[in-house]
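Below, each chain spelled out in residue letters.
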Amino acid sequence: MSGHSAALQPPAGALPPVRHPDAPAPGELLGAHYGQCFGCGDEQPHGLHLQARAGEGVSITAEFTVRPAHQGAPGLAHGGVLATALDETLGSLTWLLRTIAVTGRLETDFVRPVPVGTVLHLQAQVTAVAGRKIYCTATGRIGGPDGPVAVRADALFIEVKMDHFIDHGRQEEIRAAMEDPDQVRRTRAFEVNP
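The residue count restarts for each chain, going from 1 along the sequence in the order it is written. Local features are withheld for residues below a pLDDT of 70 in this predicted model, meaning they are given only at 70 or higher, and side-chain atom pairs are given and counted only at 80 or more; totals for whole chains, interfaces and linings count all residues. Where side-chain values are given, they derive from all heavy atoms of the structure, hydrogens and water being excluded.

1. Here we look at the overall build of the protein chain
Helix and strand counts for the protein chain come out as five helices and six strands. By definition, any uninterrupted DSSP run of H or I lasting at least four residues is a helix, any uninterrupted run of E lasting at least two residues is a strand, and each is numbered from the N terminus. What you see in the protein chain, going N to C, is helices and strands ordered as β-β-α-α-β-β-β-β-α-α-α. Burial classes follow relative accessibility: with a 1.4 Å probe on protein chains only, a residue under 20% of its type's maximum area counts as buried, one over 50% as exposed, and anything between as partly exposed. Split into buried and exposed, the 194 residues of the protein chain put 44% on the buried side. Here a residue-residue contact requires only that any non-hydrogen atoms of the pair lie within 4.5 Å. Long-range contacts, defined as pairs at least 24 residues apart, comprise 65% of the intrachain contacts of the protein chain with a sequence gap of at least 6. Looking at the protein chain as shown, the accessible area adds up to about 9700 Å², and 54% of this sits on carbon and sulfur atoms. Residue-level accessible areas treat just the shown protein chains as cover; the underlying method is Shrake-Rupley with a 1.4 Å probe.

In C-alpha cells, the structure reads:
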C-alpha cells in the first residue's frame, strides 16, 4: 500500500525507526495494555482480545479470531472491526519505541472478505520517524501468517504526553487506572494508543 495520501508519506529527512533498548524481546507476548481496551483488553466481552508479540526490529505480529459478535454481513467480519484490528496492531508498535502515541491517520484497504471463525494473522512495522510523527504499515492475512492478504493499512501515529489522556479521557476511568495499586498495570494503561 505504502501511503496513498501525502499525509502518510514520510518527509525528506525522516529517520529509520530505532528499537528502544528496553523494548520487549522478539517473540515476547505483549499482553493487554488496559483491561477495558476494545482491541486487546481481556475485560471486554465482545472485544477483539488481540494477542500481539514483539517481532524483530521495530515490528509486531498479532492474531485475533473473528467471532460472531464481529459480523457485518452475515458470516463475515465487519470492516470497522478489521480496521480496529489493524489499528490495535499498529498501536502496539509503540511498545518497541517505548513512547506514547495515538492514531493520527489510518488508511485501510479491504482486499478480501474475512469469514467468522477466521484467525486473522497481522504483521506491522514502523517505517520512519519524523519528530513526533511515527509512520507505519500493517497487513492482515487469512489461512496463516503467509496466507493471502485480506486487509492492509498505512498509518501515522503522533507521540503524545500522558496529559493527552488525563485531559481528554473520562475522569472515572482515568482515576481508576491511576489508583490501581499494581504499578505495572497502572503504567501500561497509558502506554499504547487508546
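2. A few points about the nonpolar core
In this structure, Leu-50, Phe-64, Leu-90, Leu-93, Val-114 and Leu-120 are the most contacted members of the largest nonpolar core, which totals 36 residues. Among the elements of the structure, β1 (51-54), β2 (59-65), α1 (79-92), α2 (94-97), β4 (119-130), β5 (133-141) and β6 (149-159) are those that each provide at least two residues to this core. Residues belong to one nonpolar core when they are buried, are Ala, Val, Leu, Ile, Met, Phe, Trp, Tyr or Cys, and are joined through side-chain atoms within 4.5 Å. Counting six residues, the second largest nonpolar core, distinct from the first, contains Leu-8, Ala-128, Leu-156 and Ile-158.

3. Focus on the environment of Gly-144
When you line up the elements, Gly-144 lands in the loop between β5 and β6. Residue class for Gly-144 comes out buried when judged on its relative accessible area of 10%. The spatial distance from the C-alpha of Gly-144 to the C-alpha of Leu-122 is 9.6 Å, given a sequence separation of 22 residues.

4. Some points on the sheet that holds β6
The strand order β1-β2-β4-β5-β6-β3 describes an open sheet built from six strands, whose pairing is antiparallel. Where the open sheet ends on each side, the last strands, each with one partner, are β1 and β3 (101-110). When strand polarity is set aside, the average angle formed by the axes of neighbouring strands in this sheet is 20°. The rule for pairing is simple: two strands pair if DSSP sees at least two bridges between them. Where β3 meets β6, nine bridges bridge the pair, whose relative direction is antiparallel. Bridging across to β6, Leu-106 finds its partner in Ala-155. Every axis in this analysis is a line fitted to C-alpha atoms, fitted for helices over the stretch in contact. Angles between the N-to-C directions lie between 0 and 180 degrees.

Spatial relationships are all this shows, so hold off on functional conclusions.
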